[in-house]
Structures are given as structure tokens and as C-alpha cells.
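Structure at a glance
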Amino acid sequence: MTEQERRTGRDETEEERADRMWGEILQEVRVAQMGVQILFGFLLTVVFTTKYDTLNDTDQTIYIVTVVLGACATGALIGPVSLHRLVSGRRIKPQAVTLASRLTFVGLILLLATMASSLLLVLRVATHDDYVPWLVSGVVVWYLVCWFALPMWARHRHTE
């Protein structure tokens, strides 16, 4: 295979490409779904602990925001499964792939927000120190680098 042939990509129809991309999205979503569902399940139990009643108003507000973010992230990351089920056989897979991709991206942003607010709450309760927002900010920057900056760098560097 020549260098030019390698650079032109796959020889596939629009439907074949949609099938391949759909499978890739579902694999990616499986990973994110598991994480968000475990985190969300844990968050739902916190309100039933004795510690919850001792939280100050700010921490209770952070908790409520975190639960709502977790619920939204769960919805967005499970959305592609429902989308697939409801449009299956309608011959709109390329459009469904685009919608599922957007839902997944929104879900990842909501997951990032959920994880950041969860970390903020836990560290505020555990330490009561002024450095907590800085630590959470550092973790958020790390997520941004791993989840967005590195992939965008690779995309820019290795594609035309």
C-alpha cells in the first residue's frame, strides 16, 4: 500500500462508516456510563446518612447541585442507547451517529462537572481547608488535559 492510499482512509460507504462509528460510540459510552452510574448511585445514598444533617448550607447546596449534575450526566450518557433503540431500522444511522456523538460530548462535560463538584464537597467536608478550591481546580485542569486537550492536540497534529 502506498503512502497516498494509507492517507485516504477507509474504503467504506456512508452506511458502513455509520455502522463502524456507531459501534465505536457505544464502546466509548459504556466506559463513561459505568463511571457516572456508580458515582450517581453513591451520591444518591449520601442524603440518607447521619453526616448529611450536619452539613452546612453551602455543602448541602453543593451536594444538591452535584446530584442534579450526576442525573443530567447519566441521562446524556445513556441517551445514545435510547436513541439507537428508537431509530433502529429507520435508515437514519448517519444522523443518529451525529446525535449520539453530541449527547456523549455533553455527557462528558456534565460528568466532568459532577466529578469536580463531588470532589469539592468531599474535600470541603474532609479538610475544611482553604486550599480545597485550588486542589479541585488542579484536578479539573488534569481532566481537561486528558479528556480534551490531548485528543485535540492529536487531532490537530495527525490530521490535515
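Residues numbered from 1 in each chain as written. Predicted model: local features only at pLDDT ≥ 70, side-chain atom pairs only at ≥ 80, totals over all residues. Heavy atoms only, no water.

Assigned secondary structure in the protein consists of 5 helices and 0 strands. The order of helices and strands in the protein, counted from the N terminus, is α-α-α-α-α. For 160 residues, the compact-globule formula gives about 15 Å, and the C-alpha radius of gyration of the protein, at 20 Å, lies well above that figure. The principal-axis extent of the C-alpha atoms belonging to the protein is close to 65 × 35 × 15 Å. Counting across all 160 residues of the protein, residues that qualify as buried make up 28%. Contacts spanning at least 24 positions in sequence make up 76% of the contacts within the protein whose residues lie at least 6 apart. Accessible surface, the protein: about 11,100 Å² in total, of which carbon and sulfur atoms supply 63%. (Helix = DSSP H or I, 4+ residues; strand = E, 2+ residues; numbered from the N terminus. Rg over C-alpha atoms; globule rule 2.2 N^0.38 Å. Buried < 20%, exposed > 50% of the residue type's maximum accessible area, 1.4 Å probe, protein only. Contact = heavy atoms within 4.5 Å. Areas by Shrake-Rupley, 256 points an atom, 1.4 Å probe, with all protein chains shown as cover.)

A few words on the packing of helix H2 (residues 14-46) against helix H4 (residues 93-127). It is at 9 Å that the axes of H2 and H4 come closest, and there the two elements cross at 25°. Judged by the inter-axis angle, H2 sits roughly parallel to H4. Like other packed secondary-structure pairs, H2 and H4 cross with a definite hand, here left-handed. Every residue of H4 that contacts H2 at Glu14, Ala18, Asp19, Met21, Trp22, Ile25, Val29, Ala32, Val36, Leu39 and Leu43 is listed here: Lys93, Pro94, Ala96, Val97, Ala100, Ser101, Thr104, Leu108, Leu111, Thr114, Met115 and Ser118. Within the contact of H2 with H4, the residues separate by chemical class into 16 nonpolar, 4 polar and 3 charged. (Axes fitted to C-alpha atoms, helices over the stretch in contact; angles between N-to-C directions. Parallel < 35°, antiparallel > 145°, perpendicular 65-115°, else oblique. Left-handed = near helix turned anticlockwise from the far one by under 90°. Nonpolar A, V, L, I, M, F, W, Y, C, P; charged D, E, K, R; others polar.)

Two elements in contact, H2 and helix H3 (residues 57-87), have axes whose closest approach is 9 Å; the angle formed by their N-to-C orientations is 150°. The orientation of H2 relative to H3 falls into the category roughly antiparallel. Of the two elements, H2 crosses H3, and the hand of that crossing is left-handed. Across the contact of H2 with H3, the residue classes break down as 17 nonpolar, 6 polar and no charged.

In this model, helix H5 (residues 132-158) (27 residues) spans 37 Å end to end at C-alpha, consistent with the 39 Å of a helix rising 1.5 Å per residue. The sharpest bend along H5 reaches about 40° and sits at valine 145. Turning to H5, its buried residues number three or more, namely Val132, Val136, Tyr143 and Phe148. Taken together, the buried residues of H5 touch H4. (Expected span 1.5 Å × (residues − 1). Bend = angle between axes of the 7 residues up to and from the residue.)

Another point: the nonpolar core. Listed in full, the 10 residues of the largest apolar core are Leu39, Phe40, Leu43, Val46, Tyr52, Leu55, Ile62, Tyr63, Val67 and Leu121. Going through the elements one at a time, H2 and H3 are the ones with two or more residues in this core. It is H2 that provides the largest number of residues to this core, a total of 4 residues. Setting aside anything within four residues of it in sequence, one finds isoleucine 62 in contact with Ser117, Leu120, Leu121 and Arg124. Counting 9 residues, the second-largest nonpolar core is a separate cluster that includes Ile25, Val87, Ala96 and Val97. (Core = buried A, V, L, I, M, F, W, Y, C linked by side-chain atoms within 4.5 Å.)

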